[in-house]
Amino acid sequence: MKGGDILTDNSFYWTRNADISSSRQGEYFRLYNPDTGREKAINESGYAVWNAMNGQTRLEDIVAVLAGIYETDVSRDQLMADINEFSEELLAEGFICRDLFPSSMPLVPEISPWNHESPMMFDLSLTGRCNLKCAYCFYADEMVGRTDLPLESWLQFFRELKALAVRHVTLSGGEVFIRSDLWQLIDAIIEARMRYSILSNGTLITEKTLEQVVSGKRPYRMDSIQISIDGSCSEIHDKSRGRGSFSKALRSLKMLKEAGLPVVVRVTVNRHNVDDLENTARLLIEEIGLSGFGTNDAMPMGAGCAHQGSITLTPDQRIKAMRTLVMLEKRYPGGISALAGSLAEWHMFRDMEKAKASGHKSERWRMGTLSSCGCMFQKLAVHHDGMIAPCNMLADASLGYINETLIKDVWQNHPLLKEMRNRATIPMSDVSGCRDCEWIPYCNGGCPGVEYTRTGQMNRANPDSCYRMFIEQTGGLPDISGEE
Amino acid sequence: MNRQSIYDQNPDVSCRPEEPEGGILYNPTEDTIELVNFTGLTIWRLLDGKSIPEIVSEMLGMFDGISEDALKEDVTEFILHLVDKRFIKEREPA
C-alpha cells in the first residue's frame, strides 16, 4: 500500500467478493477472481485488509484491525488514506464490493492459506505401466521399472487422506486405465470425501469404460478427464505417441464428450506438431465442440531427455509456436490455456519487457526472486511405487514413502519442501549464472523441477525460462500482438 | 425447521481444522467450501444427532459469560445456513 493525500470515505461497508480465492505464493498472496480471470498479488498487510472486509467493516474498523496486528509509526490518518487507496484499487478490479448498509451476517475470516497443516491436493501416479511409449513422457524408463503399489496400499493411503481432509486427487500414470482395479480405487477416493481428475492417453477407453465412469457417484465427483491429443491427424499425433493412438484417443474424446463428462484436452507442442497447431485447434474447437484446450511443450525431462534432439522445440520453432498460439488465443478468446510452454513463456517474457520499459513490475506474478512454484503450498505427488515427491515430474526427489511416513510430517518438516518454498526469498541476483543479467529484476527463474532434474540442485534458474538465453537464440520476442 | 429436528454432519463432508482460527468444511459432491470460525467448528463437532437446544446446552458449559439467547440465535443461524448449503443433514428424531 502506498500513502497519498486522498480524502477518505468512511460511509461504506466493505465486503470481500465471495467468489475470490486466495493463496500464498512466497511472501505474497494471490487473489484470483474466477469470473474475470483476473489475478492480483498483494503483500501481507494488504491481505489483512482484504480479509477484514466482512460486510460489517468500515475503513475505521479495518484501521483498528490493522493497528491490532502491526506496530507502526504511521499516523492513523495516513493509515486510513493508505487503506482507502488500496480499497479503491481492489474495488475497481472486482475483488471487493461496498455498500452503504452493513450485511446481515459477517463473512467469516479467510483461513490463512499459509497455515494449512497438510496438502489440499495430490497428484497420484497409480501405475508405471503404459500401453504407449511417448517420446517426451516424463515417466522415463527408470520410473517404469519401479513396481506398482497394490490396491490395499492405496486404500490404506486414502484413509490417511480422508483423515487429513484432502480435497482433490489427480490420477495419472503410466496410463491409469491399464489398472483393472481403477474403479475400486476411485470409489475409495469418493468414500474418502475427495474429488478426482484423470489424465489419460485416451486409447484404452471403451463403451464398457464409459458405463463404469457414469456409475454411482463417479461422474459427480469427477472434475475433469484429460485426453492427450497432439495433432489434427494420425500422421502427426502418432509420430510422437505411437501408431494407431490418434484414432483411439479421438474416439474416446468424442465418446466422453457425448456422455456429458467434463472432458478436456492437452496438446503437447513438439517438433512434429508445431506446424499443425492451427489445424488441431480447428479440430478440437470447431469440429468436436470443445470450449478450448490446454498446451504445454515437450520438456527435457524423463524420456524427453533422451529424445531432446528430435522432439523438443528448436529456437525457431519456439517462435513459431508462440506466433501460432497467440494468434489462436485471439481467434478463440478464452479457449487456449497454458501454465507452461511456449504460450506461457510468451506471456511471461512480454510481462518482463513491459515491466522493464515501464519500471512497474507485473502484478500477475512475482519478479526478482526465484519462483517457489505454487504447488509447494498446496499439493504433493505420489509415484506408483509409493514414493512421495514434491511434483509428479520429479522422479528422484524422494520425500519418503506412503504408509511409512506420515504425510503431515512430510508436509510440515521435510527439508526439501522447505527449501523449495524458501526459493521465493532468494533474489535472482544471488542465483548462480544470473548475477550479471539485465533481466534479473523481472525474472523468477522458472520451474524449479526442470533444473533439479538436470543438476540435482534446487536454487538454480531453468534455462528454458531464461529470457536472456531466449534473446540470444532467437533475436528476441516476436512482435505478434497485432497479428490476426 | 421443526422444533424437534435433530442434526448430523453430512457424511460426505470433510472437515479440516485449521486451529486456532477455525476450519474448512468441504462438500466434495457439490464442490463447495465453508470456512468456519472456532465457534462454528465447535458446533460442527457437536453435530451427531443432537437438537439445537442440546447443542446450545453443551456449548454453554464450554464458554463462559455468554447469554443463552444469543448463543441459541447464533447456533440456529449457523445450522440452518449449513442445512441450506447441504453441509448438515436435518431429520426428525426416531
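As the structure is a computational prediction, the values presented were derived from the model and not from experiment.

Cut-offs applied
- For every chain, the first residue of the written sequence is number 1, and numbering continues from 1 onward in sequence order.
- Here the convention is simple: chains get letters from A, ligands get numbers from 1, in the order in which they are written.
- Totals for whole chains, interfaces and linings use all residues, but because this is a predicted model, local features are given only for residues with pLDDT of at least 70 and pairs of side-chain atoms are given and counted only at 80 or more.
- Hydrogens and waters are ignored; side-chain quantities use all the structure's heavy atoms.
- Only protein chains enter the accessibility calculation, which uses a 1.4 Å probe; a residue whose area is less than 20% of its type maximum is buried, one above 50% is exposed, and one in between is partly exposed.
- Strands are runs of DSSP state E lasting at least two residues, helices are runs of H or I lasting at least four, and both sets are numbered from the N terminus onward.
- Throughout, a residue-residue contact means that at least one pair of heavy atoms, one from each residue, lies within 4.5 Å.
- Here the quantity called buried area is the accessible surface, traced with a 1.4 Å probe, that two parts lose on coming together, added over both.
- Think of a salt bridge as a Lys or Arg side-chain nitrogen and an Asp or Glu carboxyl oxygen that are within 4 Å of each other.
- Nitrogen and oxygen atoms within 3.5 Å of one another constitute a polar contact, given that in protein one can donate a hydrogen and the other can accept it, and given that sequence-neighbouring residues count only through two side-chain atoms.
- Two strands pair if DSSP finds at least two bridges between them.
- Axis angles are defined between N-to-C directions and span 0 to 180 degrees, where every axis is a line fitted to C-alpha atoms and, for a helix, only to the segment in contact.
- Like-charged residues are merged into a patch within 9 Å and nonpolar side chains (Val, Leu, Ile, Met, Phe, Trp, Tyr) within 5 Å, provided each residue has over 30% relative accessible area and no salt bridge.
- We get accessible surface area from the Shrake-Rupley algorithm with a probe of 1.4 Å; when it comes to residues, only the shown protein chains can shield them.
- This count recognises Lys and Arg as positive and Asp and Glu as negative, with His and chain-terminal groups excluded.
- Note that the charge is assigned to NZ on lysines, CZ on arginines, CG on aspartates and CD on glutamates.
- Here the arc refers to the directions that run from the helix axis out to each C-beta atom.
- Every residue is assigned a pLDDT by the predictor, reflecting its confidence on a scale from 0 to 100.

Peer 1: Help me understand helix H6 (residues 182-191) of chain A in this model?
Peer 2: Every α-helix carries 3.6 residues per turn, so stepping three or four residues along brings you back to the same face. Residue and element names in this part refer to chain A. Across the ten residues that make up H6, a large majority, seven, are buried. Inspection of H6 places Leu182, Trp183, Leu185, Ile186, Ala188, Ile189 and Ile190 among the buried residues, and these make up the whole buried set. Where H6 is buried, its residues meet helix H5 (151-163), strand E8 (168-172), strand E9 (195-200), helix H7 (207-213) and helix H8 (218-221). Just past H6, the residue Arg193 takes up positive phi, approximately 65°.

Peer 1: I keep staring at the interface of chain B and chain A and nothing clicks. Help me out?
Peer 2: When the parts of a complex come together, some accessible area is lost, and that lost area is often taken as the interface size. Across the contact, 22 residues belong to chain B and 23 residues belong to chain A. Across the chain B to chain A interface the summed buried area is about 1,900 Å²; carbon plus sulfur atoms make up 52%. Across the contact surface, chain B and chain A share three salt bridges. With a closest N to O distance of 3.0 Å, Lys217 of chain A and Asp12 of chain B form a salt bridge. For the pair chain B and chain A, the number of links is ten residue pairs in polar contact (both at pLDDT 80 or more). Elements with a minimum of two residues in the side of chain B that touches chain A: strand E2 (14-18), strand E3 (22-27) and strand E4 (32-37) of chain B. Ranked by the residues each element gives to the side of chain B that touches chain A, the list is headed by E2 of chain B, at five residues.

Peer 1: So what exactly am I meant to see when it comes to the sheet that holds strand E6 (residues 88-91) of chain B here?
Peer 2: One key point about sheets: their strands pair by backbone hydrogen bonds, in either a parallel or an antiparallel sense. Residues and elements named next belong to chain B. In spatial order, the strands read E5-E1-E6; together these three strands make up an open sheet with antiparallel pairing. Each edge of the open sheet is held by one strand with a lone partner, namely strand E5 (48-51) and E6. Going from strand to strand, the sheet's axes swing by 30° on average, the running direction of each strand aside. Against the sheet, helix H2 (residues 52-60) engages strand E1 (6-9) and E5, with an angle of about 90° to E5. Helix H3 (residues 68-84) contacts E1 and E6 of the sheet and is inclined by roughly 100° relative to E6.

Peer 1: Is there a simple way to explain the sheet that holds strand E5 (residues 54-57) of chain A in this structure?
Peer 2: Residue and element names in this part refer to chain A. Within the open sheet, the three strands sit side by side as E5-E1-E6. Their pairing is antiparallel. Every interior strand has two partners, whereas the edge strands, E5 and strand E6 (96-99), have only one. Between one strand and the next, the sheet's axes are offset by a mean angle of 25°, whatever the strand orientation. Of the strands in this sheet, strand E1 (13-16) and E6 touch helix H3 (residues 76-92), which is tilted by about 110° from E6.

Peer 1: Mind showing me how you'd approach a negative patch on the surface here?
Peer 2: Residue and element names in this part refer to chain B. Among the surface-exposed residues, Glu68, Asp69, Glu73, Asp74 and Glu77 lie close enough to one another that they form a single negatively charged patch. Of note, Asp69 is situated in helix H3. With relative accessibility at 62%, the residue Asp69 sits in the exposed group.

Peer 1: Got a minute to help me understand helix H11 (residues 277-287) of chain A in this structure?
Peer 2: Residues and elements named next belong to chain A. Of the positions making up H11, those classed as buried are Leu277, Thr280, Ala281, Leu283, Leu284 and Ile285. The arc enclosing the buried residues of H11, seen along the axis, measures out at 165°, which places them on a common side. Away from the buried face of H11 by more than 90 degrees, exposed residues Glu286 and Glu287 are located. Looking at the buried side of H11, the elements it contacts are helix H10 (245-258), strand E11 (263-269), strand E12 (293-297), helix H14 (315-331) and strand E13 (336-338). Downstream of H11 by one or two residues, Gly289 has phi in the positive range, about 90°.

Peer 1: Got a minute to help me understand the confidence of the model for chain A in this structure?
Peer 2: Scored by pLDDT, chain A has a mean of 86; 88% of the residues are at 70 or more. Note on residues 1-8 of chain A: pLDDT under 50 across the span, and 23 contacts to partners over four residues away in sequence or across chains.

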